[in-house]
Amino acid sequence: MVSMNAIITVVGSDKVGIISNVSSFLAEHKINIEDITHGQKAYACSIIWQIIAAVDTGKPEVKRYSHYVNNALELIHRHYIQKITVSFLAKELNLNRSYFCDLFKKEVGISPKEYIDDYRISAACEILKQSELSISEVAENAGYSDLSSFSKAFKEHVGVSPKIYRETYKK
């Protein structure tokens, strides 16, 4: 993984320069912002804000999590749309499933399954706010294979149905 100091060296140390360089990078690599998922956009934004925060404080990012947990988070952020399981994550990291779960919960504060669910619901909230996709399409874009399980999970996490959430936000 690239250090924050290396990223700051490449993208610049002022906020306008950072945004300009990110925009240039996207154009240079012919990356259309409309072609990436909402989760990928959220992940990219979080990285940009980390860069800006590091620039603002003049200090590199403090490493919060172990190598294993950082890699697990990266896998979740990149693959949340797919059927990703705790067993898959543990296997990808070459860790025992039980040990991985304990480590993740100790460092992050919630289980890997809870984190995946929370991340998917957060992505769904963003999609509902920013698009006119049907609820079924939102479910699919948030990593749920069926509308029923999505609606149930959404209501448990947010407190209202996806339809009511969208209606409330769009007012």
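Structure report, in brief. (Residues numbered from 1 in each chain as written. Predicted model: local features only at pLDDT ≥ 70, side-chain atom pairs only at ≥ 80, totals over all residues. Heavy atoms only, no water.)

Observations concerning the overall build of the chain
Then step 1. Each helix and strand counted, the chain has 10 helices and zero strands in total.
Then step 2. Written out in order from the N terminus, the α and β elements of the chain read α-α-α-α-α-α-α-α-α-α.
Then step 3. Looking at the 171 residues of the chain, the share that counts as buried comes to 34%.
Then step 4. Of the contacts formed within the chain by residues at least 6 apart in sequence, a portion of 60% connects residues at least 24 apart.
Then step 5. Just so you have it, the chain exposes about 10800 Å², and 55% of that area is on carbon and sulfur atoms. (Helix = DSSP H or I, 4+ residues; strand = E, 2+ residues; numbered from the N terminus. Buried < 20%, exposed > 50% of the residue type's maximum accessible area, 1.4 Å probe, protein only. Contact = heavy atoms within 4.5 Å. Areas by Shrake-Rupley, 256 points an atom, 1.4 Å probe, with all protein chains shown as cover.)

Digging into the environment of isoleucine 81
Then step 1. Mapped onto the elements of the fold, isoleucine 81 is located in the loop between helix H4 (67-79) and helix H5 (86-92).
Then step 2. Exposure remark for isoleucine 81: the relative accessible area of 30% places this residue in the partly exposed category.
Then step 3. Isoleucine 81 sits 58 residues away from alanine 139 along the chain, and the two C-alpha atoms are 9.3 Å apart.

Side note on the environment of leucine 103
Then step 1. When you line up the elements, leucine 103 lands in helix H6 (residues 97-108).
Then step 2. Taking the C-alpha atoms as reference points, leucine 103 and valine 69, separated by 34 residues in sequence, lie 7.6 Å from one another.
Then step 3. If we ignore the near neighbours within four places in the chain, the residues touching leucine 103 are Ser66, Tyr68 and Val69.

A closer look at the packing of aromatic side chains
Then step 1. Across all of its chains, the model carries seven aromatic pairs by this definition.
Then step 2. Centre to centre, the rings of phenylalanine 154 and tyrosine 165 are 5.5 Å apart; their planes meet at 75°, and the pair counts as edge-to-face. You can see phenylalanine 154 sitting in helix H9 (residues 147-158) and its partner tyrosine 165 sitting in helix H10 (residues 162-170), a full 11 residues away along the chain. For the residue pair phenylalanine 154 and tyrosine 165, the accessibility class agrees, reading buried in each case. (Phe/Tyr/Trp six-rings, centres within 6.5 Å; stacked < 30°, edge-to-face > 60°.)

Some details on H4
Then step 1. Compared with the 18 Å implied by 1.5 Å per residue over 13 residues, the 18 Å span of H4 between its first and last C-alpha is a close match.
Then step 2. All of the buried residues along H4 are Val69, Asn70, Ala72, Leu73, Glu74, Leu75, Ile76 and His77. (Expected span 1.5 Å × (residues − 1).)

Some points on the side chain of arginine 166
Then step 1. Inspection of the secondary structure assignment puts arginine 166 in helix H10.
Then step 2. Buried within the structure, arginine 166 lacks any salt-bridge partner; glutamate 132 is the closest side chain of opposite charge, at an N-O distance of 5.1 Å.
Then step 3. When sequence neighbours within four positions are dropped, the list of residues in contact with arginine 166 reads Ile127, Leu128, Ser131, Glu132, Leu133, Ile135 and Val138. (Lys, Arg positive; Asp, Glu negative; His and termini not counted. Salt bridge = Lys/Arg side-chain N within 4 Å of Asp/Glu carboxyl O.)

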